[in-house]
Amino acid sequence: MRSYSVAIATTILLLSGTIIQAKSKYICDEPKPEDMCNAANTCGSGSSVCTIDVRKSGDGANVKPSIPNAKNNQFFCIKSGTTVVWMTSSKNTGFMISFGSDSPFNPDNPIMGGGNKPITVKAQNPGCYKYDAGAFYSGAVFGMSSGSKPELVILP
């Protein structure tokens, strides 16, 4: 009976250590998220525009930066001072991007645009940001997608 209790205690100890070491699913929760930025995931520069395509997909929204081989809703980086164009390549689609009260862009209002209305902002506040992205079809009563929670880093 005693060895059974020791085995249970050891198992609990090992499992709790594994849970404590588990990483967050959000890059912005890591100690230095900017260390994950590299040429392959950095969009634009001081001399080239970063274009971000927001599209409705089923019940969600997909955000894709103008980076070669970019995936939907991937983590990406933007250098401070970069001009950023939020747009959609989908016809009759609107979108909204919200950073809450702490936006990395100027102006710092929610970003609301559509197929015929790209929105241009400038990256200015270095840091890691989680944001809400939503997309909807024009004229749809129940067309707003549930938001996705992508992340980006503004580099100094």
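Chemist: So what exactly am I meant to see when it comes to the packing of aromatic side chains here?
Modeler: Two measures describe an aromatic ring pair: the distance that separates the ring centres and the angle between the ring planes. Going through the model one piece at a time under the given rule, you end up with 6 aromatic pairs. Taking 6.5 Å as the distance between ring centres and 75° as the angle between the ring planes, the aromatic pair formed by Trp86 and Phe99 counts as edge-to-face. On the criterion of sequence distance, the pair formed by Trp86 in strand S5 (residues 83-87) and Phe99 in the loop between strand S6 (93-98) and strand S7 (105-106) is long-range, its members being 13 residues apart. Considering the side-chain rings of Trp86 and Phe105, the 6.0 Å spacing of their centres and the 85° angle between planes classify their relative orientation as edge-to-face. With Trp86 in strand S5 and Phe105 in strand S7, this residue pair connects regions lying 19 residues apart in the sequence. In this structure, Trp86 and Phe105 share a single accessibility class: buried.

Chemist: Help me understand the state of the cysteines, please; the structure alone is not making it clear to me.
Modeler: Note: disulfide means a covalent bond formed between the sulfur atoms of two cysteine side chains. All chains considered together, the criterion is met by 3 disulfides. Across the disulfide from Cys28 sits Cys128; the S-S distance is 1.9 Å. Note on the Cys28 and Cys128 pair: the S-S dihedral is about -80°, so by sign convention the disulfide is left-handed. Here Cys28, found in the loop between helix H1 (2-21) and strand S1 (42-43), pairs with Cys128, found in strand S10 (residues 127-130); they are 100 residues apart in sequence, far enough to count as distant. Between the sulfur of Cys37 and that of Cys77 lies a disulfide, 1.9 Å long from S to S. Between Cys37 and Cys77 the disulfide shows an S-S torsion of about -85°. By sign, it is left-handed. In this pair, Cys37 sits in the loop between H1 and S1 while Cys77 sits in strand S4 (residues 76-79), placing the two residues 40 residues apart along the sequence. For the pair formed by Cys37 and Cys77, the shared burial category is buried. Disulfides within the protein chain link the bonded cysteines, taken in sequence order, as 1-6, 2-5, 3-4.

Chemist: Sorry, what's going on with the sheet that holds strand S2 (residues 50-57) here?
Modeler: The strands making up a sheet associate through hydrogen bonds between their backbones, and the pairing can be parallel or antiparallel. Across the sheet, 5 strands lie side by side as S3-S2-S5-S9-S7; this open sheet has mixed pairing. Strands with a single pairing partner mark the edges of an open sheet, and in this sheet they are strand S3 (60-65) and S7. Bridge count between S7 and strand S9 (residues 119-123): 2 bridges; the pairing is antiparallel. Its bridge partner being in S9, Asn106 is matched across the sheet by Lys122.

Chemist: What am I meant to see in the side chain of Thr82 here?
Modeler: With respect to the helices and strands, Thr82 occurs in the loop between S4 and S5. Since its relative accessible area comes to 0%, Thr82 is described here as buried. In this structure the side chain of Thr82 is engaged in a polar contact, spanning 2.7 Å, whose partner is the backbone oxygen of Lys79. Dropping the residues within four chain positions of it, Thr82 is found in contact with Cys43, Gly44, Ser45, Gly46, Ser48, Cys50, Val121, Lys122 and Ala123.

Thresholds, definitions, all that
Residues numbered from 1 in each chain as written. Predicted model: local features only at pLDDT ≥ 70, side-chain atom pairs only at ≥ 80, totals over all residues. Heavy atoms only, no water. Phe/Tyr/Trp six-rings, centres within 6.5 Å; stacked < 30°, edge-to-face > 60°. Helix = DSSP H or I, 4+ residues; strand = E, 2+ residues; numbered from the N terminus. Buried < 20%, exposed > 50% of the residue type's maximum accessible area, 1.4 Å probe, protein only. Disulfide = S-S within 2.5 Å. Pairing = 2+ DSSP bridges. Polar contact = N/O pair within 3.5 Å; in protein donor to acceptor, adjacent residues only side chain to side chain. Contact = heavy atoms within 4.5 Å.

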